[in-house]
Amino acid sequence: MHNALSLTADEQKLFDALPDGLKEGWVITEEQGTYSDTPRHRMMRMQLMHLHDPKMQEFLGKAKATEGDEKALAALVARTDLSDVSDGDLAELFFVLGPAPLSALILSLLRAVKSDEDIDDLASLTLIRNSLLSALHHS
């Protein structure tokens, strides 16, 4: 469903506070998935990354400097232009980050929503997070 957002209870509170025009047409489902991750596990996944884009290799160097801290990783992703990154590199990046930094990024985006495009970006991130949580739950 293209107009679906999978939000945690805290995220839904922020979404509910948005203007009606931005909320119109979106179907909210509660994100039920959870995964217990650690900075150490994130750092181990970073060691295994094989990125092709030079910009993403530079990003990886900066990501390693965060020592796996989820908030620092979320802030780094928020500052990085990912618009021209290949789907393969993006998929690997989001797998390595894991759901916690994505959740931090989603909260940050929810606090800054100004347009329908922002909601579309948010929907993409919630879909990615939901997919990660589902995959990690089943593994």
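All residue numbers refer to position in the chain's written sequence, counted from 1. In keeping with the predicted nature of the model, local features appear solely for residues at pLDDT of at least 70, side-chain atom pairs appear and are counted solely at 80 or more, and the whole-chain, interface and lining totals rest on all residues. By convention in this description, side-chain values take in all heavy atoms of the structure and omit both hydrogens and water.

Visitor: What is the right way to read the side chain of Arg45 from this model?
Guide: Considering the arrangement of structural elements, one finds Arg45 in helix 3 (residues 39-47). Residue Arg45 is classed as buried on the basis of its relative accessible area, which comes to 13%. Throughout, a contact is declared for two residues whenever any of their heavy atoms are within 4.5 Å. Setting aside chain neighbours within four positions, we find Arg45 in contact with Asp37, Phe95, Val96, Leu97 and Gly98. Here a strand is any run of E in DSSP of at least two residues, a helix any run of H or I of at least four, and the numbering for each starts at the N terminus. Only protein chains enter the area calculation, which uses a 1.4 Å probe; residues under 20% of their type maximum are buried, those over 50% are exposed, and those in between are partly exposed.

Visitor: Help me out: how do you make sense of the packing of aromatic side chains in this one?
Guide: Two measures describe an aromatic ring pair: the distance that separates the ring centres and the angle between the ring planes. Each pair of aromatic rings taken from Phe, Tyr and Trp, with Trp reduced to its six-membered ring, is defined by centres within 6.5 Å and is described as stacked if the planes are under 30 degrees apart, edge-to-face if over 60, and tilted in the remaining cases. According to the stated counting rule, one finds zero aromatic pairs in the structure shown. Over a ring means this: the NZ of a Lys or the CZ of an Arg is within 6 Å of the ring centre and within 35 degrees of the ring normal. Positioned above the aromatic ring of Phe95, the side-chain terminus of Arg45 is 5.9 Å from the ring centre.

Visitor: Please clarify how the pattern of salt bridges should be interpreted in this entry.
Guide: Opposite charge on two side chains makes pairing possible when the charged atoms of those side chains draw close. Salt bridges are defined by distance alone: a side-chain nitrogen of Lys or Arg within 4 Å of a carboxyl oxygen of Asp or Glu. Enumeration according to the criterion identifies eight salt bridges in this entry. Taken together, the shared-partner salt bridges connect Asp37, Arg42, Arg45 and Glu70 into one network.

Visitor: Is there a simple way to think about a negative patch on the surface in this case?
Guide: To count toward a patch, a residue needs a relative accessible area above 30% and no salt bridge. Like charges then connect within 9 Å, nonpolar side chains (Val, Leu, Ile, Met, Phe, Trp, Tyr) within 5 Å. In this description, accessible areas are obtained by the Shrake-Rupley approach with a 1.4 Å probe, and a residue is regarded as covered only by the protein chains that are shown. For the purpose of charge, His is not counted, nor are the chain termini; Lys and Arg are scored as positive and Asp and Glu as negative. A charge is said to be at NZ when it belongs to Lys, at CZ for Arg, at CG for Asp and at CD for Glu. Negative charge collects at one region of the surface, where Glu24, Asp116, Glu117, Asp120 and Asp121 lie side by side. If you trace the backbone, Asp121 turns up in helix 8 (residues 116-138).

Visitor: Honestly, unusual backbone geometry in this entry has me stumped. Any pointers?
Guide: A negative phi angle characterises most non-glycine residues, just as the trans form characterises most peptide bonds. For Glu67, which is not glycine, the phi dihedral falls at a positive 55°. Along the chain, the position of Glu67 falls in the loop between helix 4 (54-65) and helix 5 (70-79). Overall, Glu67 belongs to the exposed group, its relative accessible area being 60%.

Visitor: Explain the nonpolar core to me, please; I cannot follow it from the model alone.
Guide: As a rule of thumb, soluble globular proteins bury nonpolar side chains together. As used here, the term nonpolar core means buried Ala, Val, Leu, Ile, Met, Phe, Trp, Tyr and Cys residues forming a set that is joined through side-chain atoms within 4.5 Å. Membership of the largest hydrophobic core comes to 35 residues, with the highest contact counts inside it found for Leu5, Phe15, Met46, Leu82, Leu93 and Phe94. At the level of elements, strand 1 (4-7), helix 3, helix 4, helix 5, helix 6 (87-97), helix 7 (99-112) and helix 8 are the ones that each hand at least two residues to this core. Counting contributing residues per domain, this core is built from domain 1 (1-37 + 99-139) and domain 2 (48-97), each supplying no fewer than three. Residues within four places of Phe15 in sequence aside, it is in contact with Leu5, Leu7, Lys23, Trp26, Ile28, Leu110 and Ile119. How far each domain reaches was decided by an automatic or database domain assignment.

Take it as geometry only, folks, not as evidence of what the structure does.
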